[in-house]
Amino acid sequence: MNILLVEDDRDSREYLAGFLGKHGHAVTECGNGKDALDLINNREFHMVLSDINIPGMSGLDILRSLPSPPPGRYPDVVLFTGYDDVELAIEAIRAGAYDYFLKPINIKELTVVVERVAKHQSLLPENKVLNKKIDETAEAATKETKRELKLLQEAYAQAMGAGEVIIASETMKNIFQLAEKYHADRTIPVLIQGETGTGKEVVARHIHYGKGNTAAPFVDINCAAISPGMFESELFGYEKGTFTGGLPKGKKGKIDLALGGTIFLDEIAELSMDLQAKLLRFIQEKEFYRVGGLKKIKADIRIICATNVNIEESIKKNSFRQDLYYRLNLGLIHIPPLRERKEEIIPLAEALIRQYAQKRKKRFCTISDSASRILLSHHWPGNVRELKNVMEWISFMHDGPEVKPSHLNILTRNKPAGNGDKRILNTETFSLPEGSFNIEEFNNMVVAKALEMHKGNKAQAARYLGISRRMLYCRLERMEKRYHPE
Ligand SMILES: Nc1ncnc2c1ncn2[C@@H]1O[C@H](COP(=O)(O)OP(=O)(O)OP(=O)(O)O)[C@@H](O)[C@H]1O
Ligand SMILES: [Mg+2]
């Protein structure tokens, strides 16, 4: 080994140098700290063996002055010290010294330390290679972890309904580009208008999740499904003792669940005027009170609303506040009905039938020309949702490879019947089939027909059926679960 020996006491230096030389080491002798540092900076040593007390600079200072990272080989520093300096030696070890021993130097001890240093130095190149490998592996693992995390985020967004969006027209492309812009700026409230089934919720989720790079909550509230008396406490929560029968500790609201994320208020036009005023205040101030509470609570939440009614007409009819509308329509998205985006019908139908065929292990992969003509001429009152249901039904009932007109009976069967059409249910003369009859299935069909008759307007359909909107929502939810159990 190349050893630098730093000792001001000449006798002991010569003695040590002789001993180390006899053991095959090349020893450079030096009597003060400054020369020692010069030597270390200009030559490569395996080991620096130094007294802790030397003129000009202590052994500890030498250690601290070693360049980091070293330009070439990094010497191991071993210090020798008197009893009085043991604390200094311990400090030296903390500062990175390889070892220390006490004076007078015990030759046996010195031999052991020198051998250990020799071994350590011989392992250094190997260590360097290993360290490099470890660094590379860690970097690859980080890359892999990042990729894994991205996949997880995408899967999460997909599971939350932000995936599997089919964009099949310029109109929808522009809408989704706009959604991405809104995703980037959470301060803009967004109002999405469009008929039932056009994809308002799909767009809302896209605004929230973007490309799947957020794990913040998306909380949806259907304003029509919550009774007006309960809405405020559902949204803002309530303090203890506010209601008889309320939870003893009070309850947090949906806004608490959505902190840091998005609250999606569906069917916003169904909110009563006084609740609209409370919502407006919340949007403006980003603060709210729990029902029965006195403390203002801050909330960082993005607001997205959706409606299938024409709000401007609701404003004229005095059922929607103009100031709230102006506040909400800062980010306005209008999704046209499917019949006005005809270029999407076939690509959507094809993509959907392929998805369902794959799920059900059927062969469907395309749509025949004559079937396409039928799909294009249909009015699609239920929009993409209706198209989706039709394709799912076909994949369930038939097998491909091609969707044919005969598979589309479901559309002609569902056509709204004109007056005098014998398919209108005559409630006085109808008869039931022999054997058995599934009343649940029948009720579902009646609900679906009533919705279709009223172009998806749930309030009108509920009125027509003589049931409350809540009841209609419950049934629709049951139907949704039944037909889309996953
Ligand atoms: N571009 C699209 N790609 C794939 N699926 C879509 C697309 N647009 C809508 N859908 C599907 O159509 C169905 C209806 O969409 P969504 O629930 O977003 O409509 P909506 O406008 O919110 O309807 P409603 O007013 O009745 O609540 C959903 O199953 C959704 O996944
Ligand atoms: Mg919706």
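Residues numbered from 1 in each chain as written. Chains lettered and ligands numbered in written order. Predicted model: local features only at pLDDT ≥ 70, side-chain atom pairs only at ≥ 80, totals over all residues. Heavy atoms only, no water.

## Quick notes on the nonpolar core
Basically, it comes down to this: For our purposes a nonpolar core is just a set of buried Ala, Val, Leu, Ile, Met, Phe, Trp, Tyr and Cys residues, chained together by side-chain atoms within 4.5 Å. Summary of the burial criterion: residues with accessible area below 20% of their type's maximum are buried, those above 50% are exposed, and those between are partly exposed, where the area comes from a 1.4 Å probe applied to protein chains only. Starting at the N terminus, helices and strands are each numbered in turn, a helix being any DSSP run of H or I of at least four residues and a strand any DSSP run of E of at least two. Contact between two residues is taken to exist if any of their heavy atoms lie within 4.5 Å; hydrogens are not considered.
Formed by 32 residues in total, the largest nonpolar core has its most connected members in F231, L235, I255, L265 and I268. Looking at this core, the elements that each hand over two or more residues are β7 (218-222), α8 (228-236), β8 (262-266), α10 (273-285), β11 (302-307), α11 (311-316) and α12 (322-328). It is α10 that provides the largest number of residues to this core, a total of five residues. When sequence neighbours within four positions are dropped, the list of residues in contact with L265 reads I221, C223, F231, L235, L279, I303, I304, C305 and A306. Counting residues in hydrophobic clusters, the runner-up holds 23 residues, among them I345, I367, L375 and L411.

## Quick notes on the site of ligand 1
This is how the line gets drawn: Definition of nearness: a residue and a molecule or strand are near each other if at least one heavy atom of the residue lies within 4 Å of the molecule or strand. Each polar contact in these results corresponds to two N or O atoms within 3.5 Å; when the atoms are within protein, one needs to be able to donate a hydrogen and the other to accept it, and residues that are neighboring in sequence are counted only if both atoms are side-chain atoms. The Shrake-Rupley method, run with a 1.4 Å probe sphere, supplies the accessible areas, and residue values consider only the shown protein chains as cover. When residues are sorted by character, Ala, Val, Leu, Ile, Met, Phe, Trp, Tyr, Cys and Pro go into the nonpolar class, Asp, Glu, Lys and Arg into the charged class, and all the rest, Gly among them, into the polar class. An automatic or database domain assignment supplies the start and end points of every domain.
Residues in close proximity to ligand 1 total 17 residues, the closest being I166, T196, G197, K200 and K388. Separating a nitrogen atom of ligand 1 from a backbone N or O atom of I166 is a distance of 2.8 Å. Across the complex, the protein chains shield 88% of the 630 Å² of accessible surface that ligand 1 would expose by itself. Among the elements of the structure, α7 (200-209) and α15 (383-397) are those that each provide at least two residues to the shell around ligand 1. Tallied by class, the residues present in the shell around ligand 1 amount to four nonpolar, five polar and eight charged. Looking at the shell around ligand 1, you find at least three residues from each of domain 2 (163-336) and domain 3 (338-433).

## A closer look at α10
Threshold: Here the expected length of a helix is defined as 1.5 Å per residue gap, with one fewer gap than residues. Throughout, the arc means that of the directions going from the helix axis to the C-beta atoms.
Under the 1.5 Å per step criterion, the end-to-end length of α10 is 18 Å for 13 residues, consistent within 8% with the ideal 18 Å. Turning to α10, its buried residues are L275, Q276, L279, L280, F282 and I283. When α10 is viewed along its axis, its buried side chains cluster within an angular range of 165° and face the same direction. Tucked inside the fold, the buried residues of α10 contact α8, α9 (254-257), β8, β9 (287-288), β11 and α12.

## Remarks on unusual backbone geometry
Phi is positive for W380, close to 50°, though the residue is something other than glycine. Tracing the sequence through the fold places W380 in the loop between α14 (369-377) and α15. Residue classification places W380 among the buried residues on the basis of a relative accessible area of 0%. Its identity is not glycine, yet N383 carries a phi of approximately 55°, on the positive side.

## Describing the UniProt feature "modified residue: 4-aspartylphosphate" (unreviewed entry) in the protein
To keep things clear, this is the line we draw: UniProt positions are given in the numbering used here, feature names are shortened, and annotations may be inferred rather than shown by experiment.
As annotated in UniProt, the feature "modified residue: 4-aspartylphosphate" (unreviewed entry) corresponds to D51 in the numbering used here. With respect to the helices and strands, the residue D51 is situated in strand β3 (residues 47-51).

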